[in-house]
Amino acid sequence: LPTHHNTPNPSNKTETTMLATSAAARSLLSRSARHGSAAIGSALSSNVAATRSFASIEPYADYGKSVFTGRVADEYLKKHGSSGDILQDPSWTKTHSDTVAKAVLDWAVDRGANTYCHWFQPMASSGVRHGQTGQVQNMMMKFNRSTNDVEFDFEGENLIKGETDGSSYPNGGLRATHTAGGYLAVDTSSPIFLRGDTVFIPSAFVSYYGAALDEKTPLLRSNAALNKHGKRLLKHLGLDIGERDVVSNIGLEQEFFLVPREQYYRRPDLQLAGRTIMGRDAPRGQEMCDHYMAPPSLANPALACMQEIQDECWRLGIPLKTRHREVAPNQYEFAPLYGYNTTQVDQNLMVMQIIEEVSARHGMAALLQEKPFNDVNGSGKHNNWSIATDDGIMMLHPQKINKATGNPAAFAVIMSAIIAAVNEHGDLMRMAIASPGNDFRLGACEAPPAIVSTYLGDDMTFYLSHFKDGKGEGEYIPQKKMLDLGTHEVLPFEVPSEDRNRTSPFPYGGARFEFRAVGSSQNVSMVNTVLNTIVAEKFAEFSDAIDAGADPHDIARQALNENWKVIFNGNNYDEAVQQELTDRGLWRIDSGVEAIARFTAEKNVALFQKMKVLTKEECESRQMIMHDHYTGTVEIEAKCMIDMIQQHIIPSVKAAGVGPLGDLEAAVVSLKEALGEIHGAEESYKKAQLSRVLRLETMIDIRAVCDAAEEVVPANLWTLATYKELLFLDQHTAVAPDTEPTYFDE
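Draft legend 1. Highlighting the overall build of the protein. Across its full length, the protein holds 25 helices and 17 strands. For 746 residues, the compact-globule formula gives about 27 Å, and the C-alpha radius of gyration of the protein, at 28 Å, lands near that figure. For the protein, the C-alpha atoms occupy an extent of roughly 80 × 80 × 70 Å along the three principal directions. The contacts of the protein with a sequence gap of at least 6 include a subset with a gap of at least 24, amounting to 74%. Split by element, the accessible area of the protein, about 32000 Å² in all, is 51% carbon and sulfur.

Right, here's the structure in full:
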């Protein structure tokens, strides 16, 4: 892609930049045109090479401008006699709300927006609610009652709070129709952003009595608990951070599928349930390992789609840095740079929404459900979790935390608390990932099994073993490893001391833990609420014991000795190993329904209450909501199966004169009877248990009958899109490739 700048070029060499596709070139041209970069626009349109000396960020100058933070916020706040510094203290909602509202209004109008909404996260949204958020959009204008002139209408009180009818959101008994108020308050930890003509204000959503009706509020409370007790422990270890905070940072790797939209419309199950509830395997799957990290093809629209997704995300301040193909055919992944947990959760929800919307513009449908296809890998959302001070001292980085505290054992003490938390509260970690789609994914040699252990690697395990046994308290220094390929062209290079363990649900990865078992469609607020809360409790217990006169080293050693069994560095996919871990007494809950039921276990309710994260009533309500969400998901799937058998498979079998007609007709009866039994159950827990049996036993048996019919019915009489038609964009792209010239270095 030719560009031209006036900066002198001492070498006097002709240089160019490159873009992969003409779609990317058009995107850059569009950006340049909006910002008046005539030289760039001219070069793009004429494809005339020019000289430059340095790479320029100018074509990307609008990245991040749709987020009210940093320099953007500072610029507009200074126009009103303030600065961006006031946003660092949440008290601006009390002291400067009108000022911030005026600045937000100016920024919005300059960006072409005239509408705002409080943007919140209702419970039980995954797999069904577009964007997984709630909002009521209001114009930022009104008519003057005297003159009928239009004027702006957006003040501090509009910005910091809102109210809506909360009657139709899942609440688990926390409110009734005659107490239906839902109240919204701005979340100052996550920046306001703008998309299209609308300003989005991230908000907490609670009932009239302050009960959490959303995913965000418990996460914010868990952040407070982690901060409070993390600061206490750091002070005992030698680091008093004063008014600074201990925070949780996360990075979320988002996996998904892209399928041809015309074939998607031929699958009622994909349209309404997000996964195929029947479908015979294609002759080719992932057995050749040919899709993982393969180059994106220019012969199908997937790359252009992903480029546009990234472009839109960067405009919103979402640093969606990495893209690549994943293991299964048509499976892809995005990964951002890490950040503060509430911001990352908010951004991930918007990433999922943008993926769905942009894919439609490219003639595809995005599938975010955990297991949309049988017998190929499903999708996850790896939750990389770390803790640090808000000025950047990483508490899970051995050298940095030991140096900051002046305590060579600080890292070992912190790690011992986390290991104890994982061992004691593995049931809550399993509960947090009990999304309906994970039933088909966990333990299937594509995701860790439903047994909660942690991988530390041999070096770390050796170090902590010596520490717990009193054989040494020195600093942990990870070993370095050099690889020498024996070639002249590739020089020896350094690799990490530990290999990757993809089979562990919670491996340590150097300054972070990676919760690998999280489902792709999930809002990860509960995942991080649990991680924060269980670790905060251990930090509190350690600090209480130190306050009572105990030695930090002795506390850490005791914790390691009592919880050592949760450390496992081997192959979690091995069935013999899984039995060994079960025999150790590690938390193993194969059923997502039973995992959800651990929410209200006595120890867990006490934990959430002690840490002031959830009340007993809120725990009970969330368990009910999660069970109802599971049941509702299965009911949608079962009804889709009935329709597909009656409206597609039976007619195809009759037309072909071959296939298991009697078994198909009996299957419809079985499905309707099972749904009737579920509807007749009184308790949410019982309904969910019956739903799991229907889904993982009855429907799997019926699926085999449907797939047997597909095997014998001629292709011209089969009306449902097949796996062959859905899963191979490279081989099934219906539209001609883009014939516009691409831009390469000449």
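Draft legend 2. Spatial organisation of the pairing of strand β1 (residues 115-119). Counting buried residues in β1 gives five out of five residues, a clear majority hidden from the surface. Side-chain alternation along β1 places Thr115, Cys117 and Trp119 on one buried face and Tyr116 and His118 on a second face that is also buried. Across two bridges, the pairing between β1 and strand β2 (residues 138-139) is antiparallel. Residue pairing for β2: Tyr116 is matched across the bridge by Asn138. Note that β1 and strand β8 (residues 198-207) share five bridges and pair parallel.

Draft legend 3. Layout of the environment of Pro218. In this fold, Pro218 is placed in helix α7 (residues 216-237). A sequence separation of 72 residues divides Pro218 from Ser146, and the C-alpha atoms of the two residues are 46 Å apart.

Draft legend 4. Expanded view of the packing of helix α15 (residues 458-468) against helix α17 (residues 552-563). The geometry of α15 relative to α17 is characterised by a closest axis approach of 9 Å and an angle of 120 degrees between their N-to-C directions. Seen from above, α15 lies across α17 with left-handed handedness. On α17, the residues touching Leu464, Phe467 and Lys468 of α15 are His553, Ala556, Arg557, Leu560 and Asn561.

Draft legend 5. Structural context of the pattern of salt bridges. Counted according to the given criterion, the structure contains 35 salt bridges. Between Asp427 and Arg598 there is a salt bridge whose closest N-O contact spans 3.0 Å. Of the two residues, Asp427 is situated in helix α14 (residues 426-432) and Arg598 in the loop between α19 (592-596) and α20 (602-610); the sequence distance between them amounts to 171 residues. For Arg598, a relative accessible area of 24% gives the class partly exposed. Of the charged contacts, one joins Arg695 and Asp439 as a salt bridge, the two residues approaching to 3.7 Å between their closest N and O atoms. With a gap of 256 residues between them, Arg695 in helix α23 (residues 684-712) and Asp439 in the loop between α14 and α15 connect regions that are remote in the sequence. Overall, Arg695 belongs to the buried group, its relative accessible area being 1%. One salt-bridge network, in which partners are shared between bridges, spans Arg195, Glu308, Glu312, Glu357 and Arg361.

Draft legend 6. Looking closely at helix α10 (residues 302-315). The end-to-end C-alpha distance of α10 is 20 Å, a good match for the 20 Å that 14 residues give at a rise of 1.5 Å each. Counting buried positions over the 14 residues of α10 gives twelve, a clear majority of the element. Among the residues making up α10, those that are buried are Ala302, Leu303, Ala304, Cys305, Met306, Gln307, Ile309, Gln310, Asp311, Glu312, Cys313 and Arg315. Looking one or two residues past α10, Gly317 carries a phi angle of roughly 80 degrees, positive in sign.

Draft legend 7. Geometry of the side chain of Glu514. Mapped onto the fold, Glu514 is located in strand β17 (residues 513-515). Its relative accessible area of 11% is what places Glu514 among the buried residues. Polar contacts involving the side chain of Glu514 include one to the side chain of His382, which spans 3.1 Å. Ignoring anything within four residues of it in the chain, the contact list for Glu514 reads Glu253, His382, Asn383, Asn384, Pro505, Phe506 and Pro507.

Draft legend 8. Layout of the environment of Arg500. For Arg500, the location among the structural elements is in the loop between β16 (493-495) and β17. You can call Arg500 exposed: its relative accessible area is 78%.

Definitions and cut-offs
Residues numbered from 1 in each chain as written. Predicted model: local features only at pLDDT ≥ 70, side-chain atom pairs only at ≥ 80, totals over all residues. Heavy atoms only, no water. Helix = DSSP H or I, 4+ residues; strand = E, 2+ residues; numbered from the N terminus. Rg over C-alpha atoms; globule rule 2.2 N^0.38 Å. Contact = heavy atoms within 4.5 Å. Areas by Shrake-Rupley, 256 points an atom, 1.4 Å probe, with all protein chains shown as cover. Buried < 20%, exposed > 50% of the residue type's maximum accessible area, 1.4 Å probe, protein only. Pairing = 2+ DSSP bridges. Axes fitted to C-alpha atoms, helices over the stretch in contact; angles between N-to-C directions. Left-handed = near helix turned anticlockwise from the far one by under 90°. Salt bridge = Lys/Arg side-chain N within 4 Å of Asp/Glu carboxyl O. Expected span 1.5 Å × (residues − 1). Polar contact = N/O pair within 3.5 Å; in protein donor to acceptor, adjacent residues only side chain to side chain.

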